[in-house]
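What follows is the residue order along each chain.
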Amino acid sequence: MRYLVRARVKPGREVDLLQAIRNETLGQGSVAEGEYLRNMNEARLCADETVRWVEVCYCPTPLQEERPYWEEYFDFSKVQDAHDRRQCRDANGSEPWACGNCDCTQRLEQKLKATGVPFLDSLTGKK
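First things first, this report covers the structure right here in the doc. (Residues numbered from 1 in each chain as written. Predicted model: local features only at pLDDT ≥ 70, side-chain atom pairs only at ≥ 80, totals over all residues. Heavy atoms only, no water.)

## Brief notes about unusual backbone geometry
Backbone geometry follows two general trends: most residues other than glycine have a negative phi, and most peptide bonds adopt the trans configuration. With a phi close to 55°, Glu24 is a non-glycine residue in the positive phi region. With respect to the helices, strands and loops of the structure, Glu24 is situated in the loop between helix H1 (14–22) and helix H2 (33–42). In the Ramachandran plot, Glu49 falls in the positive-phi region, its phi being about 75° despite a non-glycine side chain. Positionally, Glu49 belongs in the loop between strand E2 (44–45) and strand E3 (51–56). (Helix = DSSP H or I, 4+ residues; strand = E, 2+ residues; numbered from the N terminus.)

The following block contains the structure:
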């Protein structure tokens, strides 16, 4: 399933988060290890100061496995289904693990690019 995640960087954790991204240690030890870096590369910082990204998650509870890794750096504002579960082939059972080959993440991230600014640019101070 795909989720639209809205979160705020915890106060004082920006430098540590940037270091974890640069060192490619963000999410280290998670089964979704590489997904964390992809998420941060695609994330957007919006006008309301929330960071938003599209997360692929196969857990029965949204971000069940990933949450402890994210919560080291972020406070979640909202995690919502990115699209109708009935249309998700993995969630509706018609094709297990379909999210790995589905183009909906790319389409959702394209829509997200129309909002805010690239999160990594804001984190590194680039304009």
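## Here's the deal with the side chain of Arg44
Within the fold, Arg44 resides in strand E2. One buried charged side chain, Arg44, makes no salt bridge at all; its nearest oppositely charged neighbour is Asp121, positioned 7.0 Å away. At 3.1 Å, the side chain of Arg44 forms a polar contact with the backbone oxygen of Lys113. The contact partners of Arg44, leaving out residues within four places of it in the chain, are Thr50, Val51, Arg52, Leu112, Lys113, Thr115, Gly116, Val117, Pro118 and Phe119. (Buried < 20%, exposed > 50% of the residue type's maximum accessible area, 1.4 Å probe, protein only. Lys, Arg positive; Asp, Glu negative; His and termini not counted. Salt bridge = Lys/Arg side-chain N within 4 Å of Asp/Glu carboxyl O. Polar contact = N/O pair within 3.5 Å; in protein donor to acceptor, adjacent residues only side chain to side chain. Contact = heavy atoms within 4.5 Å.)

## Details of the packing of aromatic side chains
Summed over the entire model, instances satisfying the criterion amount to six aromatic pairs. Here Tyr36 and Trp70 contribute two aromatic rings whose centre-to-centre distance is 4.9 Å and whose plane-to-plane angle is 50°, an arrangement assigned as tilted. Here Tyr36 is found in helix H2, whereas its partner Trp70 is found in helix H3 (residues 67–71), with 34 residues between them in sequence. Both residues of the pair, Tyr36 and Trp70, belong to the buried class. Here the aromatic rings of Phe74 and Phe119 are separated by 6.2 Å at their centres, their planes lie at 50°, and the arrangement is tilted. (Phe/Tyr/Trp six-rings, centres within 6.5 Å; stacked < 30°, edge-to-face > 60°.)

## Brief notes about the pattern of salt bridges
Evaluated as defined, the whole model comprises six salt bridges. The residue Asp16 makes a salt bridge to Arg13 at a minimum N-O spacing of 2.6 Å. The salt bridge partner of Glu42 is Lys113, with a shortest N-O separation of 3.9 Å. Taken together, the residues span a long stretch of sequence, with Glu42 in helix H2 and Lys113 in the loop between helix H4 (104–112) and strand E5 (117–118) at a distance of 71 residues.

## A closer look at the pairing of strand E1 (residues 2–9)
With respect to burial, E1 is a largely interior element, six of its eight residues being buried. Two elements, E1 and E3, share six bridges in a ladder whose sense is antiparallel. If you follow Leu4 over to E3, its bridge partner there is Val54. In this sheet, strand E4 (residues 74–81) lies alongside E1 in antiparallel orientation, the contact comprising seven bridges. Paired with Val9 across the bridge in E4 is Phe74. (Pairing = 2+ DSSP bridges.)

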